[in-house]
Amino acid sequence: HALPTLIVMGDAGLSLRILGGVNYLASFENMAKVEAAIGLHPDPVRRLGALGVMVAEDAKRLFGRLRLTNNEYTRLASMAEGWRRISPSIGEQGARGLIYRLGAEQFTDHALLGWARSQASASDKDWQGLATLPQRWDAPVFPLKAADFIARGIAKGPALGAAMREAEAAWIAKGFPGDASALASIADVTAKTTVPS
């Protein structure tokens, strides 16, 4: 009975005293629905994000008021920055790129908060597919190493770092290929376009 309790707390002025800001009760209620729709156990940090975090300043306020752990704060701050940028329109390849960059937990936080704040119902198949992608796909480890670029004439230092970042972006854009020829091609192209330091 969390939602009725929060309504009573709000009416009594307790929510403002405890959380120090606006409560997004509809978002909180929808978060419970979308978690249940994909079979996730209730997550207190994710639900707190749905209830009280719209922008980064909200995460900072809750961190101070509730004495959250650094990990809890990091998740709330990430939700504040990321929920607006995620929807089924990014497609599976775009979603995989986000899982790779964010990690499965933060991706799920963003997806569920975006879904809870959208106009979509808890039975929306596109949102369900997006939110459950981390359950079906594990992000691989970037397979190219510094030695692959040094062997192609890139000197250690800023140029090597730039080459690694460019190659990683190309690898993500190509769908995370794992075969040797695709990786060699990415390394070759990157080495040719990297400006020497």
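Cut-off values and rules
Residues numbered from 1 in each chain as written. Predicted model: local features only at pLDDT ≥ 70, side-chain atom pairs only at ≥ 80, totals over all residues. Heavy atoms only, no water. Salt bridge = Lys/Arg side-chain N within 4 Å of Asp/Glu carboxyl O. Helix = DSSP H or I, 4+ residues; strand = E, 2+ residues; numbered from the N terminus. Buried < 20%, exposed > 50% of the residue type's maximum accessible area, 1.4 Å probe, protein only. Expected span 1.5 Å × (residues − 1). Contact = heavy atoms within 4.5 Å. Core = buried A, V, L, I, M, F, W, Y, C linked by side-chain atoms within 4.5 Å. Phe/Tyr/Trp six-rings, centres within 6.5 Å; stacked < 30°, edge-to-face > 60°. Lys NZ or Arg CZ within 6 Å of the ring centre and 35° of its normal. Axes fitted to C-alpha atoms, helices over the stretch in contact; angles between N-to-C directions. Parallel < 35°, antiparallel > 145°, perpendicular 65-115°, else oblique. Left-handed = near helix turned anticlockwise from the far one by under 90°. Nonpolar A, V, L, I, M, F, W, Y, C, P; charged D, E, K, R; others polar.

J.: Looking at this structure, I do not really get the pattern of salt bridges. What am I missing?
T.: For side chains of opposite charge, pairing can occur when their charged atoms come near one another. This structure, assessed with the given rule, holds 11 salt bridges. The residue Glu-168 makes a salt bridge to Arg-101 at a minimum N-O spacing of 3.6 Å. Within this pair, whereas Glu-168 is found in helix α12 (residues 158-173), its partner Arg-101 is found in helix α7 (residues 91-102), the two being separated by 67 residues in sequence. A relative accessible area of 18% places Glu-168 in the buried class. Beyond isolated ion pairs, a larger network of salt bridges with shared partners links Glu-35, Asp-43, Arg-46, Arg-47, Arg-75, Glu-105 and Asp-109.

J.: Even after reading the chapter, I still don't get the environment of Ala-139, so can you show me in this structure?
T.: As for its placement among the helices and strands, Ala-139 is situated in the loop between α10 (133-136) and α11 (146-150). Sequence separation of Ala-139 and Ile-99 is 40 residues, and the distance between their C-alpha atoms is 6.7 Å.

J.: Mind showing me how you'd approach helix α6 (residues 70-82) here?
T.: Helical geometry: 3.6 residues make up each α-helical turn, so side chains three or four residues apart lie on a common side. Taking 1.5 Å of rise per residue, 13 residues should cover 18 Å, and α6 covers 18 Å from first to last C-alpha, within 8% of that figure. When we look at burial in α6, the residues that qualify are Arg-75, Leu-76, Ala-77, Ser-78, Met-79, Ala-80 and Gly-82. Buried positions along α6 lie against α4 (44-52), α5 (56-66) and α8 (104-116).

J.: How should unusual backbone geometry be read in this particular structure?
T.: In the Ramachandran plot, Arg-67 falls in the positive-phi region, its phi being about 55 degrees despite a non-glycine side chain. Tracing the chain through its elements places Arg-67 in the loop between α5 and α6. Here Phe-176, not a glycine, exhibits a phi torsion of approximately 60 degrees, which is positive. Relative to the elements of secondary structure, Phe-176 occurs in the loop between α12 and α13 (180-193).

J.: Quick question: what am I supposed to make of the nonpolar core here?
T.: One recurring pattern in soluble globular proteins is that nonpolar side chains are buried together. Counting 50 residues, the largest nonpolar core has Leu-76, Leu-144, Phe-149 and Trp-171 as the members making the most contacts within it. Look past the residues within four positions of Phe-149 in its chain and what remains in contact with it is Leu-144, Ile-154, Leu-160, Ala-163, Met-164, Ala-167, Ala-187 and Thr-190.

J.: Teacher, can you tell me more about the environment of Gly-91 here?
T.: Relative to the helices and strands, Gly-91 is located in helix α7. Judged by its relative accessible area of 28%, Gly-91 is partly exposed. C-alpha of Gly-91 to C-alpha of Leu-3: the two residues are 88 residues apart in sequence and 33 Å apart in space.

J.: What is the right way to read the packing of aromatic side chains from this model?
T.: Given two aromatic rings, their pairing is described by the distance between the two centres and the angle made by the two planes. One pass over the structure, following the stated rule, counts seven aromatic pairs. Ring geometry for Tyr-100 versus Phe-176: centroids 5.6 Å apart, planes at 55 degrees, classification tilted. In this pair, Tyr-100 sits in helix α7 while Phe-176 sits in the loop between α12 and α13, placing the two residues 76 residues apart along the sequence. Accessibility assignment for this pair places Tyr-100 and Phe-176 in one class, buried. One aromatic cluster is present, formed by Tyr-100, Trp-137, Phe-142, Trp-171 and Phe-176 through successive ring pairs. Seen from the ring of Tyr-24, Arg-117 lies directly overhead, with NZ or CZ sitting 5.5 Å from the centre.

J.: Just checking my understanding: could you explain the packing of α4 against α6 for this structure?
T.: For any two helices packed against each other, one specifies the inter-axial angle together with the distance between the axes. Packing of α4 against α6 brings their axes to within 10 Å, and their N-to-C directions diverge by 40 degrees. By the angle between their axes, α4 is oblique relative to α6. The hand of the α4/α6 crossing is right-handed. Here Val-45, Arg-46, Leu-48 and Gly-49 of α4 lie close against α6, whose contacting residues are Glu-72, Arg-75, Leu-76 and Met-79. Residues that form the contact of α4 with α6 fall into these classes: four nonpolar, one polar and three charged.

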